[in-house]
Structures are given as structure tokens and as C-alpha cells.
Amino acid sequence: MHKISNFTGSARHGWEKMTPSMGFGMSRSHNDLPVTAPIKRPSAASAVPPAIPPGTQVNLSFNVPFSSNLAGPDVDDIMYASPGAKARWTHPEGTAEGIPNHKLPVHAQNVENLRNLCREMSESSDGRIQAVVVSSEPKPLPGLQRGPLRALVTNVCLSGELEIVNQMRAKILNETPISLRSSSVDIDSNLIFDSASSCLKSPVLNQLDLISKTTKADIFVLMPKQPDIESASFNGNLETSLDSRLRCTIYGDMESMEHAKTRILIMIDQILHRHVDTMKLELTMHTLICGRARKNIKLIESATGTAIYFPPPFPRLYGYCPPGAIRRPEDQVFITGKTQEDILHAKQKLHDLVMSTKVFVKPVVVTDTKLDSILLERLDKVRKIIENNGSYILLPPLGMQRGLVRVQGTDVLNVERTVRELMALAGQFYSASWFITHPDPSQRPPTPSDVRAMLSDICINSGAEISFEKLNFHIYGSDDAVKAAMMVINNIPFVKKSQYNMSVKIELANEHKEFVSGKKNGKINKIMSHSSVQIVFDGFNEYNFYIVVRGAQYDATKSGLDLVEQEMPAAISFHVPDQYHKRIIGIGGQHIQRIMKKYSVFVKFSNAMDRGGLGKEEDDIKVDNVICRTPARNAQNLDLVKQEIMDMVEKADAEFVSEHVPINRLYHRELIARMDKIDELEKKFNCKITFPSTEQASDIVTVSGPEYQVPLAVDEFLGMVPESHEIAFPASSELREYMRSSEFQNDVLEKMKDQYVVEVHLKQPHQESPDGSDHQIEGLVLSFTRNNAGGLKDAIDFLVNKLVMHGLDANTIRGAIPRPKSDSFEESLPFFDSKLLQRAEPPVDTTDSPTRSHFGDDPAERSGFLDRLRKPGSMSSFTSILERRKNGSNSPGSLFKHASSNASKASLASLESQGSGYRNPWNDSGINLADDEHHNNGWPVPAPRFENKFPFGSNSSAAPGDVTPRYDPRASVDSGRPSTSHSASGYPAPIGPPR
């Protein structure tokens, strides 16, 4: 059994609380836990005492996240739709254009079902609870960022006793299809499309119907996506060889969509004649055995040639299940392989990995009111955290509002990283209270119906969740949502003219306490005296503490909160190889002290020993190990500090960046099987190549490393990816004879191989020409690797020029690459009546040949056999569309439309550094800055006047009443203020006690 003190040196992190009675205890031996042992979710008491006493009559208003802005597929692209899917996800025929997405039948039906549910709850409760549903399109508040345009927000307001209200809230959230989403799987058309009958293969249709019936997800098969060639080519990321694939799009709630997507991926594997088997594996062990960035699973897949599909990491968090749907067992792992022996080999390796894994567990208290916000708005980030750290977070179900979660990992360091990053997510949400102590007797108090209308309007336009009891408001949500709700409440007449007290509670990492307070609490004392507010630091747990800003006036509290946020830490982190640290720091720290003083920014370095010991993690060479921190009001200097530090690093090691390379996901398996060569490539260029997870079904491979090494690594990596391109043309007997001669072999094929690194293979001629001539259709296959695709157009031009001299009609070539549209101003020249500006002739659109302009044939006179083949077909004729999309403009070679382009164009086009989002708490105190101008800091700017909205609280002598401005909720986006802790990109800092 491992002793925690051996890792941390002290028990300051609370590891002394970990006893064998807590789940796994401190470690896990081979026999401590069977592979399929059930684990119950934590059900501890609330993290903090409730602000509202039990039994109190309350009004609770919250928004139901329906994802009503989710759009359906384009009707013209639909080739297949599961039963009923088209009617749900497309507008009825005859609907005018520009109708918002929330009017789709599926979204309208969800709102109607919610109204029926709330009506039944109200009628069956004998008057103990009343539920009201309001749907509206929010409008933005001044000074706040916009959410999705024209997104319908549906709000529920519950009135009753606190316990019943909370139970009904949980019931509504768990019986409603919240957080609908969609995902796509690209499928090669030859796998599921029958070209002879011009329709999808019947076994595929039957299987898709069965998947839809089992999972209750809506499934569509859509036409290939037509790329925007000009813009994509300009950005260097066009990959048209992938654009000819069909798109299988799945719609549904999170679990239904994930289940259907996995079943479709398995169907594709079965079409490829792969065997399928399953294995049961305890859910909480999945991310642990996968390792950081799924490294362990990729090694197993490489060694066995299998594909392993894990279930979603957070099943059953949302209680909703479509009627009749069969959920995927949470411990079921699918494995596909070429042979049954390969699958058994993979199973054995997984079993060995589980039995050799030791688990460390730690219970952590999170603010209970923030757990639902994390589940609804940050679940994707939680998933990224556990995948990056090879850990797992056991969360309570939605609506439980119990503040204890359990974090487990294979190493103390990984658990600590996970906990800190989870605490950072919690810090992105605020809570506030507004207590009306002495109502104005001249104002009419609000009636119950007034209160419900007021709360619903505030929630819809701010995105916050609000409860109201005994003239007291309690507000929960993201920082912008809470501040927007407070601004709206301040403009309600009966509130504005009453005496009140208010407080705002911020959660921040303990390491930042001295940073925010300053020496001897100097910063906080100055803010309190300047804004007439009270600021209290209240301890919460061993990781976070509360900053409570209290005031008796809205403007004073707003100003005080603004100043506190300006003193909160803004940070940037990046990677500098360890060997440069001493040079940058200088003798006695003189270099780094000069930089810190110049920019008023604190800089901290960490080396491999600080991160857990030399050789402990191979990934540490890529982890951010330099952090710069400064108060938020000085955040503009962070990039300047980074640039000055990176100037002292040699080019070959400076500025770690990431490059995304699209490669057909099915070919990932071939690349993973050559993992030894990929490892050599990584060591050669000091880069990291990361493949997406199997369940993700993504084409994107990420190459990260030094800025000047990544293009070289991408070029060599693409050299492992084969590509091919076909051209076809009618050939006379003379041309066919020449193409099979030794002269053609030596003068053309050998030169193309030597000069353009393109190999040419002749296909068997086919299909006699219908005009009675001896012409036959000749086909040529050009093979090359992706890194040499830049020379494809030149190679085709060279080949065509040789064949034209032996009777080829260049106008009849299908598959040639056209001349790219000029980026000059030639199209605008006709507007200038000047002989100095000669108009360039526009390119001829009737041919795919790059040599078209060299031959003076009139296209109107051309009536060859291929003209008939290339007539555009109707949407019902998918074969004709595929043929047209295989022509030159959409061929793989068009990735490099400009002849001067070369391999790794995508790499060279995006060398710009991607700023790391890494945030990391430190124990060092901040730097006191000189007084600077304080900015608005994201607070909404009050409108000068509002029209009368609420009937209560107004009289004849009062000014025109205030209207509740509408605001688009921010959906699931991060806070606008600088993060106060680290992100999920790694954890370079020491975990030990403060120094």
C-alpha cells in the first residue's frame, strides 16, 4: 500500500481523510476490486447549510436547456431518414424561409410536452405546488456578450414549499429531453451505396432502422458536403478527398446519440468484415486504464489491430430516457478486430491493465448549487479534464444538489490535478442574495402572479436561476448571468425604492488569497474604503475559499465587485524546455526580475522534479512549465512578457504549437499499427502526434511541438499516408498504343516518378465509344503520398502535354485539375475604361482541363461521349452527383490549387502560436500594482430609461416604470473574466506544501 506522505511530504491536502472505508481507500491491490464491482454514487449532505430554511414558501425560476437553436439537416441533402425523423427535424413544406430553428416540430413538441408535465404536476399536488411555463426569445442587455441569435428560452417557475419545489425541479430536468445534440459519422459511399440501383443498400437501411428503433435517436444519411473551395484553399485546410463521403448524422439526447453513433461505427466495421465482441469493465476504471490522452488504449489497439469503443463516461446523469429506448450498459466495451484471436488478445491486455492499476480516491466538497450548473454547462470540460489526467470524477445525478463528489486516479498527482481543475470550473459561477429589509409603504407589493412573471422574465433574459421568498432574491449562475440579473432587479420599482442589503459570493482558489488581498490586506482595505462595501474572505474547503462582497446600495456593490474582479489573477502559461530556464532566470534571478519589474507581472518556472520527478511522465516535455500572473487590470502585459521570454529561446525549441491534420479515420488504424515509426518521428522532431478516440470518429490528428519543427513533422507524417487520383479520357488506337510503349514508360512515367514523386498505373480500357469510332475510355491512376500532393497538378499538366502530341483531345479529360481562380483584380477591370488595364479572359467553366486554353476548340462544337456522361443529374440520381464531385475541382489535387504550393501547406499556413488556456494556482503572493483606471469589467451598462413592465410598485408620482431588458443566455461558454485557476492542459506546478 502506498503511503501518501511519500508523494506529498505532508497531509495538507486532506489525504489523511482517505481510509479504507472510503470506496477504494488509499490504494488498490490486485484483489481489492473486481473488474465489474458496482460503485454507488456519493450521497452526502449539502456542502453548506441552505440559505433558505426548510418548509419556507418559495418561488423558484429556472431555464430548461432545450437546445432549441439546434438546426435540422438540409432537406435537399437527405438520402435517408429514420422513421419520423424528417417530420421532426425539418419544417413542413411551404414554410417560408428564415423561420428560426426553435420553430422546428421537435423543439415545439418538447415545449408542449413540458407544459403538459407542469400542468399535471400542478393539478395532482392539491394546490401544494404551482408550475408555470414561459417561452420567449431573449434580447441582449447592454454591455454583455450575445448568445445564440433567435434562440428560444423556455422557463419554468415553481411555487410551493422548498422541499417540494426542489423535488419538482429535479423531476422536470430528468423527465425532459434537455441538451439535445447532433453528431456526424462520415462513411465512404462505396460501403453503403449501391451504384447499380442508385440507392443505399437494403441491409444498411435495415440496420439503420434497427439502430434508430433501439436507441430512439433520429438518424439521417446526407449527401456529401460541398466544400467552399476558395476559402478552404486560402486557409490551407481543404481536403476534398474526404468530402466525397456520405454523412450519417444522429440527433438525440446525449446518451441516445452516443449509443446510436457507436452502433453505426460498429456497423461500418462489420461491413469491412471485422469481428465484433463485448467485454464488461467497471465504468469508473475506463478513463484510468486509458491513461492520459488515451495513451494506453492506443498501444493496445496498435499491438492487436483492434478498435475499442468505450461507453460515455457519465451515463445516467440525466434521468431522461426516450420511451422504448434501450440504454447501453454503462460497463459494456465493444471491441472489433480482423480475427477473433485479435479480439481475445485485446481483452487479455485490458484485463492485465486493470489488474495492474492502483487507484487513489479522494472525496471533495463542491458548492451544491454549482453542481447542476457544471452538469448542464460544463460537462464537456469535465470530460476533457478526466481524459487529460487519466482520472475519473463520480458526480451525483442532475437535480440532487448534493455537494460531495469523488475523484479517483492512478496517481496522487493526477488526482490533485483533477480536483484543482474541477474547483476552477466551480469558480466560474457566482451566487448572490438580495434582501429587502424595509419595503417602501407607498409601493404596491407584488402579487403571486406578478412574482412569477417577474422571475421568469429575469431568468430568460439573464440566464441565471432565481429563487424568491419573503421579499428576498437568491441568484445562481455564471458571473455574467448573476450580474445581469442583479441589474434587472435593481430596476424593479418596488425593489429600487426599498431599503435592502445585497451580497455577491465569488469562489477562488486558496493559493490566490494573498494575491487578491495584497500585503496586510492593503488591496481589500482600499476597495472597501473606496466603494463603501464590506469584503469578507470566508473559508470553504481545502482548495477554494469565498470572497463575499456586501453592500447596501446596488451601485456601491457593483463598483466593489468590479474592483475585486480587477484584482483577481489573470494568467498565461506556456512551455519552455528545461535547459533554458537558468539562462532566462539569470544569475541571482537578475534577468527575470528585470522582466517582472518592467511589466509588473509575476513569473514562475517549474522543472521536471517539481512536476513529480524525473522520468515520471514522458508527456512532461510538452507540458506548460512557465506561468505568468498579474492582476486582471494588467492582463494586457501577459503577452509581452511571454514574447520577451521566448526571444531568449532558440528557434528550434521556441513556441509550442498544435497542427490539425485531416486523415480518413479508417486509415488511422493503419497508422496506429506503425506506432514504432511514429515514435521515431516524435523523437526526431520533439513532437507529439495524438489520434482521436475511436468513439469520436474524427478525421483530425493533432501534431504538437516546437513551432519550427511541427511543419517538418507533419510533412514526414503525411509521407505515411497514401493518396490516389484518377483521370479518364477517350483514346484512339494510336494513343492506346503509345501509352503501352517503352517510350511512354521511359519519357513520361519515369520522369513523373522522379520529378513529381507520382506513380502512374494504367487501368484496363472499357466502354466502346457510342459514335462508332474506335475510341475507348482509358483510365490512369496516379498514386502519391499526401506530402507530395502539391505537385499533382504539375504532374497532370506534364502528362497531358505528352498525350496531346499523340492525339489526345484535352477537352475530354475527366479528373483534371482546373486553373485556380485568380486572386488578382481581373474581374473588376471591365469597370475601368482604360486601355492600360487589359481585361483577362475569364476561365472557361465547361472543362476540367488545365490545358483547355491551349487548344482553340469551341466548347459548343464538342459533343463527345463524355459530354453525355457528365450532364448534371437530379438529386434523386446520386450516382451522377458523385461523378460530378469526382471531377477536377473536387479532386484531392485541388487541395493544392496553386502550382507553387507544396507539401505541408496546411502546416505552414498555421504556424501562429495557439495561446495555452492553462491556468495554475501558485502559493506566491501577487505584485501590488500602481493605481490604474478601472474598467467596466463586463458589467451591463444600464439603459437610461425603461418602459413600464411590472404593474406593481408604481404610482402616479413615479417616473415611467422600468422594463426588464432581455438578454440572450450565454449557453455553455466560459466566463468572460480571467480564469482564476488552471485549465485541463496539464499541471506543471509542484503539488507539495507552500514554500
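These numbers come from a predicted model, not from an experiment.

Student: Please provide a residue-by-residue account of the packing of aromatic side chains, values included.
Tutor: Applying the stated criterion across every chain yields a total of eleven aromatic pairs. For the ring pair Phe468 and Phe473, a centre distance of 4.7 Å and an interplane angle of 55° mean the geometry is tilted. Considering the side-chain rings of Phe537 and Phe545, the 5.2 Å spacing of their centres and the 50° angle between planes classify their relative orientation as tilted. The exposure class of Phe537 is partly exposed, given its relative accessible area of 26%. A cation over an aromatic ring shows up here: Lys513 above the ring of Phe545, its NZ or CZ 5.0 Å from the ring centre. Directly above the aromatic system of Phe515 lies the positively charged group of Lys523, at a separation of 5.2 Å from the ring centroid.

Student: Give me the pattern of salt bridges: which residues, what numbers.
Tutor: Taken as a whole and assessed by the stated rule, the structure comprises 35 salt bridges. In this structure, Arg669 engages Asp269 in a salt bridge whose closest nitrogen and oxygen atoms are separated by 2.8 Å. Taken together, the residues Arg669 in helix H24 (residues 668–672) and Asp269 in helix H8 (residues 254–271) connect sequence positions 400 residues apart. Judged by relative accessible area, Asp269 falls into the buried class, the value being 0%. The salt bridge involving Glu723 is made with Arg786; its shortest N-O contact spans 2.9 Å. A residue pair is termed long-range when its members are at least 10 positions apart, and Glu723 in strand E28 (residues 722–731) and Arg786 in the loop between strand E31 (776–785) and helix H29 (792–804) qualify at 63 residues. For Glu723, a relative accessible area of 15% corresponds to the buried category. For Arg786, a relative accessible area of 5% corresponds to the buried category.

Student: Could you give me a rundown of the sheet that holds strand E19 (residues 499–509), with the residues and numbers involved?
Tutor: Strands sit in the order E3-E4-E1-E17-E18-E16-E19-E21-E20 across an open sheet of nine strands; the sheet is antiparallel. Only two strands of the sheet have a single partner each, and these edge strands are strand E3 (129–136) and strand E20 (534–539). On average, each strand axis in the sheet is tilted by 15° relative to the strand beside it, whichever way the strands run. Looking at chain direction, strand E16 (residues 429–438) and strand E18 (residues 472–478) are connected through seven bridges and run antiparallel. When the bridges of E18 are listed, Trp434 appears paired with Phe473. In the packing of helix H15 (residues 448–462) onto the sheet, the strands contacted are strand E1 (57–64), E3, strand E4 (153–161), strand E17 (465–469) and E18, and the crossing angle to E1 comes to about 35°.

Student: Let's hear about the packing of helix H10 (residues 295–304) against helix H11 (residues 340–355): which residues, and what values?
Tutor: Running from N to C, H10 and H11 point in directions that differ by 150°, and their axes come no closer than 9 Å. On the basis of their axis angle, the class for H10 and H11 is roughly antiparallel. The way H10 lies across H11 gives a crossing that is right-handed. Contacts between H10 and H11 involve Asn296, Ile297, Ile300, Ala303 and Thr304 from the first element and Asp342, His345, Ala346, Lys349, Leu350 and Leu353 from the second.

So, how was this worked out
- Residues numbered from 1 in each chain as written.
- Predicted model: local features only at pLDDT ≥ 70, side-chain atom pairs only at ≥ 80, totals over all residues.
- Heavy atoms only, no water.
- Phe/Tyr/Trp six-rings, centres within 6.5 Å; stacked < 30°, edge-to-face > 60°.
- Buried < 20%, exposed > 50% of the residue type's maximum accessible area, 1.4 Å probe, protein only.
- Lys NZ or Arg CZ within 6 Å of the ring centre and 35° of its normal.
- Salt bridge = Lys/Arg side-chain N within 4 Å of Asp/Glu carboxyl O.
- Helix = DSSP H or I, 4+ residues; strand = E, 2+ residues; numbered from the N terminus.
- Pairing = 2+ DSSP bridges.
- Axes fitted to C-alpha atoms, helices over the stretch in contact; angles between N-to-C directions.
- Contact = heavy atoms within 4.5 Å.
- Parallel < 35°, antiparallel > 145°, perpendicular 65-115°, else oblique.
- Left-handed = near helix turned anticlockwise from the far one by under 90°.

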